[in-house]
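A structural walkthrough
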Amino acid sequence: MRQATGEILVDTTGPGLFEVTASVRRWVEAQQMTTGLVSLLCRHTSASLTIQENAAGAVRDDLVRWLGRIAPEDAAYAHDDEGPDDMPAHIKAMLTGVTLSIPVMAGAPALGTWQGIFLIEHRHVGQRRRIAMHLIGA
Amino acid sequence: MRQATGEILVDTTGPGLFEVTASVRRWVEAQQMTTGLVSLLCRHTSASLTIQENAAGAVRDDLVRWLGRIAPEDAAYAHDDEGPDDMPAHIKAMLTGVTLSIPVMAGAPALGTWQGIFLIEHRHVGQRRRIAMHLIGA
Amino acid sequence: MRQATGEILVDTTGPGLFEVTASVRRWVEAQQMTTGLVSLLCRHTSASLTIQENAAGAVRDDLVRWLGRIAPEDAAYAHDDEGPDDMPAHIKAMLTGVTLSIPVMAGAPALGTWQGIFLIEHRHVGQRRRIAMHLIGA
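The structure contained in this document is the topic of the report that follows. Note that the coordinates shown come from a computational prediction; the quantities given were computed from them, not determined experimentally.

1. What about the overall build of chain A?
The number of helices and strands found in chain A is 3 helices and 8 strands. At 16 Å, chain A has a C-alpha radius of gyration in line with the 14 Å of a compact globule built from 138 residues. With respect to the principal axes defined by its C-alpha atoms, chain A has extents near 50 × 30 × 20 Å. Taken over 138 residues, chain A has a buried fraction of 62%. In chain A, once contacts between residues fewer than 6 apart in sequence are set aside, the share between residues at least 24 apart is 83%. Put simply, chain A shows about 5,000 Å² of open surface, and 47% of that area lies on carbon and sulfur atoms. Distance between charge centres in chain A, computed from 12 positive and 15 negative side chains, equals 8 Å.

Have a look at this one:
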């Protein structure tokens, strides 16, 4: 049994889902473990992680629009120092979560056929986002 | 220290919470580890996992109804090829999440007294759903 | 490679985010592992866990207010035996989740600069809440 740690950098370009499946898969495969658990942590409070549909781009647009409706920028927030998209970004990060742990089987994350791993950017301005990775297995 | 992997199949019958606590517990106990971490991945984008109240059935009905209100079928979605319940199903899966990692203590998942593990079906038509399981421990 | 288990008790005082970052960090550091994965389980169905902004208190107030709007007490719920705040509490726990798994690097949880770990109390009356902890690593 052994462990590995790594990091993925994602340069976002505003609100949206940015797929990291290939990066995670490549890193896991490079560790050459057959079975294990890979855990991801998005190290930010205005971006988050989700496992979602990897085929239809319209799904991702709908998800972003829906998040915009559920946590609108024009609601009254006590915290508004960092602009109207800041507090909605925190709400969206709380709802979708910043951690994921995915079983590794046959040397790769055991995702379903239509599942991809995405970082969700919730701020208007693109950012460099960091995802910490941990793998344990054999 | 060692690992085990497994799978649970859940045949759903439309929207609802389907309890898998007993299946998870039985599988964990069969691995005969005293301490560890059990991780679950629902391998779909229109079903998800949650830890919720295991006693009152009315709670589960209320959760399903509330999800139906928050992600309504009659909203305007760009993605609607697969029917009016498809995009709401993706939203609900994003909100509730498809991964869980639960500490194992004294040979069983360390759930609280009132906690059960549930697969949530978000589509109208029942499906065969797959949950991948990973256990690491000793 | 080895494991450790532990528990954090949080005495809440009504709805709000209660920070447990220091307790988690202290416990992880006491186990003296350089690299690993720490997993938390909130053992309740009306309280939950989130990783959120650790600086501005107004963010936490806004999060609680937003949860109150999205899962209002005056909606019609089938389950209302335990008071008007009970069913909304279950909804909020489902949305935010009761499990977290965080990579440990350099002997500590690899949180981002602005990230803290919080228990969210969703009931009006303060409770003693239990968080089960599991650490695996070396």
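2. With respect to the interface of chain B and chain C
Quite often, the size of an interface is put as the accessible area lost when its parts meet. Facing 34 residues of chain B, the contacting portion of chain C comprises 31 residues. Together chain B and chain C conceal approximately 2,600 Å² of surface at their shared face, both sides included; 69% is due to carbon and sulfur atoms. Sorting the residues of chain B by area buried against chain C places M1, D62 and W66 of chain B first, and these three jointly supply 22% of that buried surface. Where chain B touches chain C, the interface holds 0 salt bridges. Across the contact surface, chain B and chain C share 11 residue pairs in polar contact (both at pLDDT 80 or more). Among the elements that take part in the side of chain B that touches chain C, helix α2 (residues 57–70) of chain B stands out by supplying 9 residues, more than any other. Tallied by class, residues from the side of chain B that touches chain C come to 21 nonpolar, 9 polar and 4 charged.

3. Thoughts on the interface of chain A and chain C
Contacts between the two partners involve 31 residues from chain A, matched on the other side by 34 residues from chain C. For the pair chain A and chain C, the summed buried surface comes to about 2,600 Å²; carbon and sulfur atoms form 69% of the total. If you sort the residues of chain A by the area they bury against chain C, Q3, T45 and M94 of chain A come out on top, with a joint share of 24%. Counting the contacts that link chain A with chain C gives 0 salt bridges. The tally of links from chain A across to chain C stands at 11 residue pairs in polar contact (both at pLDDT 80 or more). A per-class count over the side of chain A that touches chain C returns 18 nonpolar, 11 polar and 2 charged.

4. Here's the deal with the sheet that holds strand β5 (residues 99–105) of chain A
Residues and elements named next belong to chain A. Across the sheet, which stays open at both edges, the 5 strands sit in the order β1-β8-β3-β5-β6 with antiparallel pairing between neighbours. In this open sheet, the two edge strands, each paired with only one partner strand, are β1 (2–11) and β6 (108–109). Relative to strand β8 (residues 128–137), β1 is paired through 10 bridges, and the arrangement is antiparallel. Considered in β8, the bridge of I8 is made with I131.

5. A closer look at helix α3 (residues 86–96) of chain C
Residue and element names in this part refer to chain C. Most of α3 sits inside the fold, with 11 of its 11 residues counted as buried. The complete set of buried residues in α3 reads D86, M87, P88, A89, H90, I91, K92, A93, M94, L95 and T96. Phi for G97, located one or two positions after α3, is positive at around 90°.

6. As for the relation of the copies chain B and chain C
Mapping one chain copy onto the other needs a rotation about an axis and a shift along that axis. Between the two copies, chain B and chain C, the superposition gives an RMSD of 0.0 Å; the rotation angle is 120° and the shift along the axis is 0.0 Å. Read as a symmetry element, the transformation amounts to a three-fold axis. Proximity to the rotation axis, assessed at the C-alpha, singles out L95 of chain B in chain B; its C-alpha lies 3.4 Å from the axis. Little of the interface of chain B is mirrored in chain C, where only 18% of its interface residues again form contacts.

7. What to know about the side chain of E121 of chain C
All names here are of chain C. Relative to the assigned elements, E121 resides in strand β7 (residues 115–121). Within the structure, E121 has its side chain in polar contact with the backbone nitrogen of R123 (distance 2.9 Å). Looking at E121, its side chain comes within polar contact range of the side chain of R129, at 2.8 Å. What E121 contacts, discounting residues up to four positions off in sequence, is T12, G14, P15, G16, F18, S46, A47, Q127 and R129.

8. Examining the packing of helix α2 (residues 57–70) of chain A against helix α3 (residues 86–96) of chain B
Contact geometry of α2 of chain A with α3 of chain B gives a least axis separation of 10 Å together with a crossing angle of 65°. In this structure, the crossing between α2 of chain A and α3 of chain B has a hand that is right-handed. Residues V59, D62, L63, W66 and L67 of chain A of α2 of chain A pack against M87, H90, I91, M94 and L95 of chain B of α3 of chain B. Tallied by class, residues from the contact of α2 of chain A with α3 of chain B come to 8 nonpolar, 1 polar and 1 charged.

9. Some details on the relation of the copies chain A and chain C
In the superposition of chain A on chain C (RMSD 0.0 Å, axial shift 0.0 Å), the rotation amounts to 120°. Take the interface residues of chain A: only 19% of them recur as interface residues in chain C, which is what a contact between different surfaces looks like.

10. Details of empty space enclosed by the protein
Rolling a probe over the atoms, with the probe sized like a water molecule, indicates the empty space that remains. Within this structure, the stated rule accounts for 1 cavity of 30 Å³ or more. Of the pockets and cavities examined, the largest cavity occupies roughly 500 Å³. Around the largest cavity sit 36 residues that line it, and T96 and T99 of chain A, T99 of chain B together with T96 and T99 of chain C are the ones nearest its centre. Taken together, the residues of the lining of the largest cavity sort by class into 21 nonpolar, 15 polar and no charged.

Criteria and cut-off values
Residue numbers restart at each chain and count upward from 1, following the sequence in its written direction. A letter from A marks each chain and a number from 1 marks each ligand, given out in the order of writing. With pLDDT at 70 or above as the cut-off, local features in this predicted model cover only qualifying residues; side-chain atom pairs require 80 or more to be listed or tallied, and sums for whole chains, interfaces and linings still use all residues. Computation of side-chain values: all heavy atoms of the structure, hydrogens and water removed. In this description a helix means any DSSP run of H or I spanning at least four residues, a strand means any run of E spanning at least two, and both kinds are numbered starting from the N terminus. A radius of gyration in this sense is built from C-alpha atoms; the matching globule rule multiplies 2.2 Å by the number of residues raised to 0.38. Throughout, exposure labels follow a simple rule: accessible area from a 1.4 Å probe, protein chains only, divided by the maximum for the residue type, with under 20% read as buried, over 50% as exposed, and the rest as partly exposed. A contact between two residues is defined here by any heavy atoms of the two lying within 4.5 Å. Here the accessible surface of atoms and residues is derived via Shrake-Rupley with a 1.4 Å probe, and residues count as covered only by protein chains that are part of the display. When charges are counted, Lys and Arg are positive and Asp and Glu negative, with His and the chain ends excluded. To locate a charge, take NZ of a lysine, CZ of an arginine, CG of an aspartate or CD of a glutamate. Two parts placed together each lose some accessible area; with a 1.4 Å probe, that loss summed over both constitutes the buried area. We count a salt bridge whenever a side-chain nitrogen from Lys or Arg sits within 4 Å of a carboxyl oxygen from Asp or Glu. Definition of a polar contact: a pair of N or O atoms within 3.5 Å, with one able to donate and the other able to accept a hydrogen when the atoms are protein atoms, and with sequence-neighbouring residues admitted only if both atoms are side-chain atoms. Each residue is assigned to one of three groups, with Ala, Val, Leu, Ile, Met, Phe, Trp, Tyr, Cys and Pro labelled nonpolar, Asp, Glu, Lys and Arg labelled charged, and all others, Gly among them, labelled polar. In short, DSSP must find at least two bridges between two strands for them to pair. Copies are brought into register by a least-squares superposition over C-alpha atoms of residues with pLDDT of at least 70 in both. Each axis is a line fitted through C-alpha atoms, and for a helix only the stretch in contact is used; angles between axes span 0 to 180 degrees, taken between their N-to-C directions. Two helices cross in a left-handed way if the nearer one is turned anticlockwise from the farther one by less than a right angle. They cross in a right-handed way if the turn is clockwise. Every definition here rests on a 1 Å grid over the protein atoms only: cavities are sets of points where a 1.4 Å probe fits but cannot get out, pockets are open sets enclosed by protein on both sides within 12 Å along at least five of seven lines, and lining residues have some atom within 4 Å of a point. Grid points are joined across faces, edges and corners, and a volume is the space filled by probe spheres set on the points.

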